[in-house]
Every structure is written in C-alpha cells, then in structure tokens.
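Summary of structural features
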Amino acid sequence: MRSAQTRNNRMENLCWRIWHLTRKKKQIEWEDAQRLARRHYEREQGHKAASKELSEFSDGEKPEPSPKLKTASATLSRNYSNFEMFVQQQQSQKKKSLYIVLISIHGLVRGYNMELGRDSDTGGQVKYVVELARALAMMTEVYRVDLLTRQICSPDVDWSYGEPTEMLTHGNTEGAGESSGAYIVRIPCGPRDKYVAKEHLWPYVQEFVDGALAHILNMSKALGEQVYGGEKPVWPHVIHGHYADAGNIACLLSGALNVPMVLTGHSLGRNKLEQLLKQGRDTKEDINNTYRIMRRIEGEELSLDGAEIVITSTRQEVDEQWGLYDGFDVRLERVFRARAKQGMSCYGRYMPRMVVIPPGMDFSSVISLNTEDGDSDGGALSEPMSPKPEPPIWAEIKRFFSNPHKPMILALARPDPKKNLTTLVKAFGESRSLRELANLVLIMGNRDDIDEMSGGNAAVLTTIIKLIDKYNLYGLVAYPKHHKQNEVPSIYRLVARTKGVFINPALVEPFGLTLIEAAAHGIPTVATKNGGPVDIHKTLKNGLLVDPHNQKEIADALLKLVSDRNMWMECRKNGLTNIFNYSWPQHCRIYLARIAQCRSQRKNWQDGSLLDRQPAIDEEYTRDSLKDVHTHLSIDERSVGNGSDFLEYHSKLQSVQENSNGSDIAGKGFWQRKMRKVFVIAIDSYTTDGKPHENMLKAIQNIVKHVKEDPSVHGPGFILSTAMRFSETIELLNSGGVDLFEFDALICGSGSEIYYPDVYADNASSGISKLQFCIDQDYLMHIDYRWGREGVRRTIARFLASGVEDMQHPLAIEEDGTSSNEHCLAYKVKDPSQVLRVEELRKNLRMRGLRCHVLYCKSASLLYIMPLFASRAQALRYLFVRWGTDISNMCVFVGEAGDNDYEELLCGALKTIIVKGYVEGNGSDKLLRGSGSYHREDMVPVDSPNIVTVDLSGISQALQQAMKQ
C-alpha cells in the first residue's frame, strides 16, 4: 500500500500535468488566433491594394457597351444561361480529335484490381483518375486520353506497376485509330527500383516533367498522322494535374507547350497544416519534416498560378479550403471576371476559375437488389431469379458475427486518424440498443501484419482492436484483413440485403465518393457534416448528417435508420432516384464544355499552339528576311552592287534551310545545326556589384575547348544561359575573342529573351554587332501569358514608396531601366538585408492577383520580375520542343552556387556538371527562402545520377560519363 507521501506526490504531479496541458492548450489557441488574424489582415490588405490599383488604372476607361438585347418572343421559352448555351454548342461538335493528358504521380496506379487502402497514397484519388480517364475516352469528341503516372519497378510491388503502358479502354469504333482510347503511361523518375511515398517525390518533379514532355511530343506527332494525315500534330487539348505534385508538373508542362491547365486538388496542404497545428502535438517544423508540407503548399500555389480552371467537388472546398491560399481570393476573382465581361483590362491580374463538378461514378458494377433481397418499392432493376453462389467476401465477413442476419453498419476507409473510425467504434460500443439491432463492418484496406503498417495506420488499427476488447464486441464487429477492389460492390450488396446503413464519420471529408457508391446500391447513409457530404446530402436526400466529434449523435443517427423501416425505405428510394446526377457522362459533358469555354477566350489556344504556327508563314518570313539582307548589308557599309552579293546571301539562305533538318525555327533568319548533344553553359560568376567576373569568361572558354576536343562528342551544339542582358553578353564574349557562332542560342535576362545567330551574318567579318543575332519573337509571345508589365511596375512602385506588410519600411531597391526589357522588370538592390525574400515578395504579388517569376541574380545585386513561365529552365524546355532534341542529350554546366533559379538547373532529365572553382560565392541563394520554408532537398535530389561535381581537369571524364548515359 502506497504511503500518504507517495499519494500526495502523485496527486501533485498530476495537478502540475493538468495545469501544463491547460496552459499549452491556451497557448495553441492564442497562436492559432494570432495566425488567422494575421492571415486575414494580409488578405484584406492585398484585396484593398489590388482594388485600389485597378481603380487607378481604370480612370477614364469605360466598359465596352454590351449588344442590345433582342426583343423577347411573345411565346414563353426557356432562358438558357451562357454556359448552358455553350454546352449545347459543344455537343454539336462531334469531331473525334481531342487529346487529353491527366497526371497523377503518387501511389500505385493501375486499371484492374486496384490496391486501394494499401497505403495512404493509394486511395480514392487513384480510383477517381482511372475512372475519369475511361469516361473521357468514351466521349464522342475525345480521341485519346493519357493518364501519366510514375513507373515503379520495385520488388516490393507488383510487376504491373513497372509496365510502360497499360490500356484502359479502346476508343469508340467510329473514327478510332490504333492509338485511340485511354491509357496509363508510366514515366520513369526518381529511384527506379524503389517505391517512394508522395512526401519524398518532390525532388523528382522536374525529371517527371522532362519525361512527360518527351512522351507528349512523340504522341502528338503520332496522333497527327492518324487524325490529320500528318498535316499537323495533335497538341493536348488540356493538361489536368491531380494533387499538388501533379499540379506542379502540369503547370510546367502547360508553360512549355502553351496549352491550358486544369487542377484538381483532392486534398489541400494548408487545410491539413491548420488541422495539425490545432491538435498541438507537433510543431510546424516537425510537421514540415514529416509531411514536407511547405513544399506541398508551394506546389499548390504554383498550380494556382498556372491553372485556368480549378475543379472542385463542393462549394465548401472553394470557400473554406482554397480560400486559405495566397493565389486565390473569392472577391478578387469576381472583380476580375466582372471586368473581363465588361471588356476592361485587369492589367495582368488573374484568379483561376473555380468550377464545382462532382465526381462521377461507374454504374457498370452496380447490381440492384431483387424483390426477395430488398423491397419492390425500391425502384431498382432485379437480379436474375436463378440462384447464384454467394461471393467469397460475404463468407469472410459473416464469419465474424454470431448473428449475421442483423442489419450491417458499413464503414469503408483507411485506418487513418482523420477518418475517425475509433469514434465510430466507441459510439457503437456504448449504445446497447445499437449493438442489439445491428452488426458493424469495418473495411480498412488490406494488411498482412499490423507491425508492417505505417505508424498512424497501425496505431488506429491497434486502438480499434483494443476498443473491441474493451466493449466486448466479439461477434458484433467484422474487420477482414484483405479484400479486392472488385469485391467492394459485393460488400455493398450484402449491406443492402440486410437493410443496413453506410457511414462516413471522417473529421473532414473533401467529397465522399463512397457515399455515392452506397446510394447507388440502395443503402441509406450517415455522414460527417464537415465538407462534401453536405452537398451530396442536398442532392440525394438519402440519409443524415452528424457531428463527427459527437459519439451520441452518431449512435442516434445510426439507430434511427436501422430501427425505422419507413425512413430506411424512403432514404433508399431517394438515393436510387437521384443517383444519376453523379454519372460520369454528365461529369465529362460539363468538364469538356468548361475547357472549351476557357480555350475560346485565348486566341493562341484556339489555333492549337504557337509551336505549330510556323509552316504556314515560312514564305512570308523568307520574303521579310530577304529585305533584311539588304538592310544588313547597307548598315555594314557593303554595297549590293550588281546583285552578286545579294545572290550570294540568297544562296546562303537556301543552303541553311536545306541543312536545317526540317525544323521550323521560330523567327526570321534563325538557323539550327544538326546536333546530337547540346551543351548549356549556365555559370553565374559575378562580382559584388553585379559585373561579370573574369572567371565567367574563363569558364566559357575552357568548357567550349574541352567539349570540342573530346573525341566522344560529335557535332556539339552550345547554348549560353545567363542573367546578363544581350549587350552585356556580347561585350563579355567579344572581350575574350569568343566566336559567337559557336553558340546556337543565347538565353539572356534569366530566360526573358532568346537570341539565335542570324543566317545572313558573316561570321568572318570583323566586330560583333547585334544585327548578327535575331530575337525569338515567338518565345516572347510564349512567355507573355498573364504578364501585366505595367501592373507589376506600379505595384512595386507602391512597395518602394510605402513598404509592404512584412516590413515596416520601404524596400531597399530602385528601378533599373537599363537592365529591364519588355518581359523583365529589373531593380537594383541597394541593401540585401533590407529586401524581401523571393517567397515573401511572390506572396504579396499573388495576393494582388499578379503571377510572376521573381528572382535575385548577379550576386544579389539585381532583382528580376518576369512572366510566370520565363525562366532559364523553361527556356531550355522551349528549345527542346522547338528543336526536337532529346532533353536527355542536354548537358548543363553550372558553378557551385548561382542565382535564385540555380536549383531548377540542377534537377530534371538533363545531365548537370557542377564545375568547381569558378563561382566565388553568390549571395542570391540567401534571399530565396526563409527558415520556416521548405529546403533544397525538397527541390534537388540528393543522390541523383544525373549530377556530377568536378574540377576543370575532370570535365573530360565527366563528359565521357554523360555520353555513356
């Protein structure tokens, strides 16, 4: 027996623990309130600033007058909305020519025997994207659908996940070619022999983009042969990213191909972060280390930057989840849309359009009850009267029960804490009436050994087993270890036959597809009132909503449906009557009409792509170029004379065109050599005042020399990629006597401009002039997407005058007109310690509806603000598409540090050689992210075989290694 002193000590310790927990809870609540208040203040400031700036821009601007309405007919007719009319128009356009790309990279994705619930990455999203691909392929106007995912050749998973291609369905027979239909295409990225969880896939995003880009280009050409007889390629009609990782990928592909992007979030990082912080179990740093949540949030913000449409399942997702992001504001979105309808400019400001399209359901697997199993009032088709053996899964479930004929309460979810299954078991165990009337069936994915499951899932499952023992629920609860995906309809049929109920008790449910599946099988439902089930309940009217935290409310709702036969029948009938509002054909019809409506609002998308504009105007370019020859010769003070010089240059033009391997180059006088390998020099070596360091010129000279002397390299091409202006680049190369015609392209201004050698320039002539290079005008059109130069300039001017919310003083920068161009606003950094980091500046711009690429360069002496898709990495992808060069044959030389876009050059399918000794520090990387953000390891793979670090003497060996790969 414990002494009095021991009892007092234990009581005192307990009191101190309670006091500490109470204090911690109050602290968490205070921090949460402070965080939300600051967030609200920032959004209000952004909204006010954007509205004020738009009103200043609009002084004197008048809306375009709308056309006069036609006189209404005397007879009453239905009033169609603009969108309904648009849907009708699209339905009449039945040409089978659309190519749609869906992307979902994490989890185990295949079209048969889906292992849903195997882990937290293989859940409802996998089923959703597979069924969406199948449904879209069956639409009359769709020729092919590709579902891109990651190829996994790990011995820990089935061999089928390593197959490069899997056919889901062949297209409709009418007008279908050999490549039509729906396919799963698996793109290699990351470790080939390892299954990688979604939290650790972020460093391989760029590699997936490059692999997907190569596949899309090849497929577009193949489909062009089948659909248009080879006259033109079939570019993707839309690129649709699912979840944050695939959204990031879709954004980059959209920018490279100039096609619209659609996003479906499925579940959102900011919402998850808020919930985890409220629980108070982990700090923000711990959460970030576990879930890579900050990288996920930035991926979602980037996806919002590039998305034309965001497809959501419910209105709640728009208001309460997407509303947490910097890149979306409901009020600003309405303002921008209203201005666009009135014909008024938004000056580069943009918010993606949120469209609520509930997911569809595949009804082919639904077998309705017959009159013996169910009730004749159900309004459902009957099974054949001939007796059939019971499905094996029925016996697997029934073996748990002492009385298997009682109504069954079914929960179908992973054993994840947010699915709230433990609260359901407690509610069932503490309700004697419910235990007497019903059995509980818990389908919690597949497992072999609890110890082998992930920590969170194993903890939930262990708790459930302990609760079953605590409440003595043996004979009342079934929790089978295994089930196949094709057995799920049989499970629903069993529950319906026993007149049972389906329940989804999740703390928050983004949509609730299982509720629709249950309704299709004639099962009434009980669901959480947080999230998508609210909208589903309004449509189906087949059950009850409950507070997921209230055990008694859950038990009472289940008991009411199980015990009241009339209510059960009414809910069942309502569900079967209204379920076809969630069919896949209806979903796809609205989906395609929304995308067509979006494409009609941008001219370049109506024409297909800038990438296939060129063939029709080659003759015009030739005529203009011949005029330029005369101008060029006159400026160089060389007389045309009797025309012999003109004929010589004309001959040179024809020679270049004949030897340009058939590529359509993007402007007047551009040329392209046949190149097996392309070497990109992107070494950022600058002095503290932003001048090119002498090491930069040495690096260029030495790299070109080593590459040309290497016997394993034949016909190399060179690209110089730099933050310098074109004139600075020319001056640097000219100072070292470098022949500019060594370079096939110059990427200047950190990707804001691309220059090519002029085919009419005489590289034997003395001196280097700008006339010997031509700017790529199509690239400027390509990156002009969502670029409002004047809007950005005025916003930054306001920051310079009054500062921003993150700082109590104006920014220590000033505009640099000499370094700016049409697609790059340059600012001199007066004091790097008095400026915002890139992520903070980008946040403030996003809150005002401005989508930009922001970076510090030249040893943090300059700040560049450019269009969203203007970057050195995206410029390389643009050239890859234009030239048709395999991106794996590109090799990039970088230093040990660089500008803010340095990380983008280190990852991807291209080979990267880090050359030591040329870059003596670069302060730009310190201004990229803060301490609470994601890390470089979330951007660049640590052990990538594509990255090699060498000194100057090791370049030859690194080149030989790159050639072998």
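About the criteria used
Residues numbered from 1 in each chain as written. Predicted model: local features only at pLDDT ≥ 70, side-chain atom pairs only at ≥ 80, totals over all residues. Heavy atoms only, no water. Helix = DSSP H or I, 4+ residues; strand = E, 2+ residues; numbered from the N terminus. Areas by Shrake-Rupley, 256 points an atom, 1.4 Å probe, with all protein chains shown as cover. Core = buried A, V, L, I, M, F, W, Y, C linked by side-chain atoms within 4.5 Å. Buried < 20%, exposed > 50% of the residue type's maximum accessible area, 1.4 Å probe, protein only. Contact = heavy atoms within 4.5 Å. Pairing = 2+ DSSP bridges. Axes fitted to C-alpha atoms, helices over the stretch in contact; angles between N-to-C directions. Parallel < 35°, antiparallel > 145°, perpendicular 65-115°, else oblique. Nonpolar A, V, L, I, M, F, W, Y, C, P; charged D, E, K, R; others polar. Polar contact = N/O pair within 3.5 Å; in protein donor to acceptor, adjacent residues only side chain to side chain. Salt bridge = Lys/Arg side-chain N within 4 Å of Asp/Glu carboxyl O. Patch = residues over 30% accessible without salt bridge, like charges linked within 9 Å, V, L, I, M, F, W, Y side chains within 5 Å. Phe/Tyr/Trp six-rings, centres within 6.5 Å; stacked < 30°, edge-to-face > 60°. Lys, Arg positive; Asp, Glu negative; His and termini not counted. Charge placed at Lys NZ, Arg CZ, Asp CG, Glu CD. pLDDT = per-residue confidence, 0-100. Right-handed = clockwise from strand over helix to strand, strands pointing away.

1. Focus: the overall build of the protein chain
Looking only at helices and strands, the protein chain features 31 helices and 26 strands. Within the structure as shown, the protein chain displays about 41,800 Å² of accessible surface, and the carbon and sulfur contribution to it stands at 49%.

2. Looking at the nonpolar core
Judged by nonpolar contacts, the single largest core of 143 residues is most densely connected at Ile 103, Phe 743 and Phe 893. Ignoring any residue separated from it by four or fewer positions in sequence, one finds Phe 893 in contact with Phe 679, Val 680, Ile 681, Ala 682, Ile 683, Ile 703, Val 707, Ile 913, Val 915, Ile 955 and Leu 959. One finds Leu 410, Ile 516, Val 546 and Tyr 582 within the second-largest nonpolar core, a separate group that totals 71 residues.

3. Some points on the sheet that holds strand β4 (residues 181-187)
Read from one edge to the other, the open sheet built from 8 strands follows the order β3-β4-β2-β1-β5-β6-β7-β8, with strand pairing classed as mixed. Across the chains shown, the open sheet's two edge strands, defined by having one partner strand only, are β3 (165-169) and β8 (353-356). If you compare each strand with its neighbour and ignore which way they point, the axes differ by 25 degrees on average. Where strand β2 (residues 142-150) and β4 come together, 7 bridges link them in parallel fashion. Across the sheet, Val 145 pairs through a bridge with Ala 182, a residue of β4.

4. Side note on the packing of helix α18 (residues 551-563) against helix α19 (residues 565-578)
Put simply, α18 and α19 touch, their axes get as near as 5 Å, and they point 95 degrees apart. Judged on the interaxial angle alone, α19 and α18 are roughly perpendicular. Along its contact with α18, which presents Lys 560, Leu 561 and Ser 563, the element α19 presents Arg 565, Met 567, Trp 568 and Cys 571. Taken together, the residues that form the contact of α18 with α19 break down as 4 nonpolar, 1 polar and 2 charged.

5. Observations concerning the sheet that holds strand β22 (residues 852-857)
Read from one edge to the other, the open sheet built from 4 strands follows the order β20-β21-β23-β22, with strand pairing classed as antiparallel. Here the strands that pair on one side only, and so sit at the sheet edges, are β20 (813-815) and β22. Along the sheet, successive strands turn relative to each other by an average axial angle of 25 degrees, direction set aside. Pairing analysis gives 4 bridges linking strand β21 (residues 825-829) to strand β23 (residues 862-867), with the strands arranged antiparallel. Its bridge partner lying in β23, Leu 825 is registered against Ile 865. On the sheet, helix α27 (residues 789-802) packs against β20, β21, β22 and β23 and is oriented at approximately 20 degrees with respect to β21.

6. Quick word on the side chain of Asn 420
Along the chain, the position of Asn 420 falls in the loop between β9 (408-412) and α12 (421-430). Among the polar contacts listed, one links the side chain of Asn 420 to the backbone oxygen of Pro 548, at a separation of 2.8 Å. Residues within four places of Asn 420 in sequence aside, it is in contact with Pro 505, Ala 506, Leu 507 and Pro 548.

7. Some thoughts on the pattern of salt bridges
A full pass over the atoms with the stated rule returns 38 salt bridges. The closest approach of N and O atoms between Arg 270 and Asp 326, which form a salt bridge, is 3.5 Å. One end of the pair, Arg 270, is in helix α6 (residues 269-279); the other, Asp 326, is in the loop between α9 (315-321) and α10 (330-341), and 56 residues separate them in sequence. Accessibility expressed as a relative area gives 17% for Arg 270, which makes it buried. The class for Asp 326 is buried, based on a relative accessible area of 6%. The residue Asp 938 makes a salt bridge to Arg 292 at a minimum N-O spacing of 2.9 Å. Within this pair, whereas Asp 938 is found in the loop between β25 (911-915) and β26 (947-950), its partner Arg 292 is found in the loop between α7 (284-291) and α8 (293-306), the two being separated by 646 residues in sequence. In the salt-bridge network here, residues are joined through shared partners; they are Glu 298, Asp 305, Arg 842, Arg 846 and Arg 851.

8. Quick word on helix α15 (residues 488-497)
Of all 10 residues in α15, 9 are buried, a share of seventy percent or more. Along α15, the residues classified as buried are Val 488, Pro 489, Ser 490, Ile 491, Tyr 492, Arg 493, Leu 494, Val 495 and Ala 496. Contacts made by the buried residues of α15 are with α11 (392-398), β9, β10 (439-443), β12 (501-504), α16 (513-520) and α19. Lys 499 sits one or two residues past α15 and shows a positive phi near 55 degrees.

9. Re unusual backbone geometry
In this structure, Tyr 243 takes a positive phi of about 80 degrees despite not being glycine. In this fold, Tyr 243 is placed in helix α5 (residues 243-257). Positive phi, normally seen in glycine, also occurs at Arg 786, with a value near 55 degrees. Its location among the elements puts Arg 786 in the loop between α26 (777-783) and α27. The exposure class assigned to Arg 786 is buried, which follows from its relative accessible area of 11%.

10. Concerning a nonpolar patch on the surface
A cluster of nonpolar side chains, contributed by Met 11, Leu 14 and Ile 18, occupies part of the molecular surface with about 290 Å² of accessible area. Relative to the helices and strands, Leu 14 is located in helix α1 (residues 4-57). Of the residues examined, Leu 14 reaches a relative accessible area of 43% and is grouped as partly exposed.

11. Focus: the packing of aromatic side chains
Per the stated rule, a full pass over the model turns up 14 aromatic pairs. Ring geometry for Trp 16 against Trp 19: centres 5.5 Å apart, planes inclined by 85 degrees, an arrangement best described as edge-to-face. Taken as a pair, Trp 16 and Trp 19 lie in helix α1 at a separation of 3 residues, close to a single helical turn. Residue classification places Trp 19 among the partly exposed residues on the basis of a relative accessible area of 48%. Judged by centre distance (6.5 Å) and plane angle (45 degrees), the ring pair of Phe 741 and Phe 773 falls under tilted. With Phe 741 in the loop between α25 (726-735) and β17 (745-748) and Phe 773 in strand β19 (residues 773-775), this residue pair connects regions lying 32 residues apart in the sequence. Taken individually, Phe 741 and Phe 773 each receive the classification buried, so the pair is uniform in this respect.

12. Details of a negative patch on the surface
Judged by side-chain charge, Asp 448, Asp 449, Asp 451 and Glu 452 come together as a negatively charged surface patch. By relative accessible area, which is 56% here, Asp 448 ends up exposed.

13. Points about the confidence of the model for the protein chain
Summary statistics for the protein chain give a mean pLDDT of 82 and a share of 82% for residues scoring 70 or more. Here residues 613-669 is modelled with pLDDT under 50, and outside its nearest four sequence neighbours on either side it reaches 73 contacts, counting other chains as well. Below a pLDDT of 50 lies the segment residues 762-771, which in the model reaches 18 contacts outside its immediate sequence neighbourhood of four places, other chains included.

14. Here's the deal with the side chain of His 215
As for its position among the elements, His 215 is in helix α4 (residues 205-228). Setting aside anything within four residues of it in sequence, one finds His 215 in contact with Tyr 99, Asp 146, Leu 148, Val 185 and Ile 187.

15. Observations concerning the environment of Glu 509
As for its placement among the helices and strands, Glu 509 is situated in the loop between β12 and α16. A relative accessible area of 11% means that Glu 509 is categorised as buried. Linking Glu 509 and Ala 527, residues 18 residues apart in sequence, is a C-alpha distance of 9.1 Å. Other than its neighbours up to four places away in sequence, Glu 509 contacts Lys 419, Asn 504, Thr 528, Asn 530, Gly 531, Gly 532 and Pro 533. For Glu 509, the side chain forms a polar contact with the side chain of Asn 504, separated by 3.2 Å.

16. Some thoughts on the environment of Asn 530
Tracing the backbone shows Asn 530 in the loop between β13 (525-528) and α17 (533-540). When the C-alpha positions of Asn 530 and Val 508 are compared, they lie 5.1 Å apart, and in sequence the two are 22 residues distant. If we ignore the near neighbours within four places in the chain, the residues touching Asn 530 are Leu 507, Val 508, Glu 509 and Pro 548. Within the local environment of Asn 530, its side chain forms a polar contact with the backbone oxygen of Leu 507, the two atoms lying 3.0 Å apart.

17. Some points on the pairing of strand β14 (residues 543-546)
Side-chain positions along a regular strand alternate between the two faces of the sheet. Where β13 and β14 come together, 4 bridges link them in parallel fashion. Considered in β14, the bridge of Val 526 is made with Leu 544. Chirality of the crossover, the property in question, places the unit of β13, α17 and β14 among those that are right-handed.

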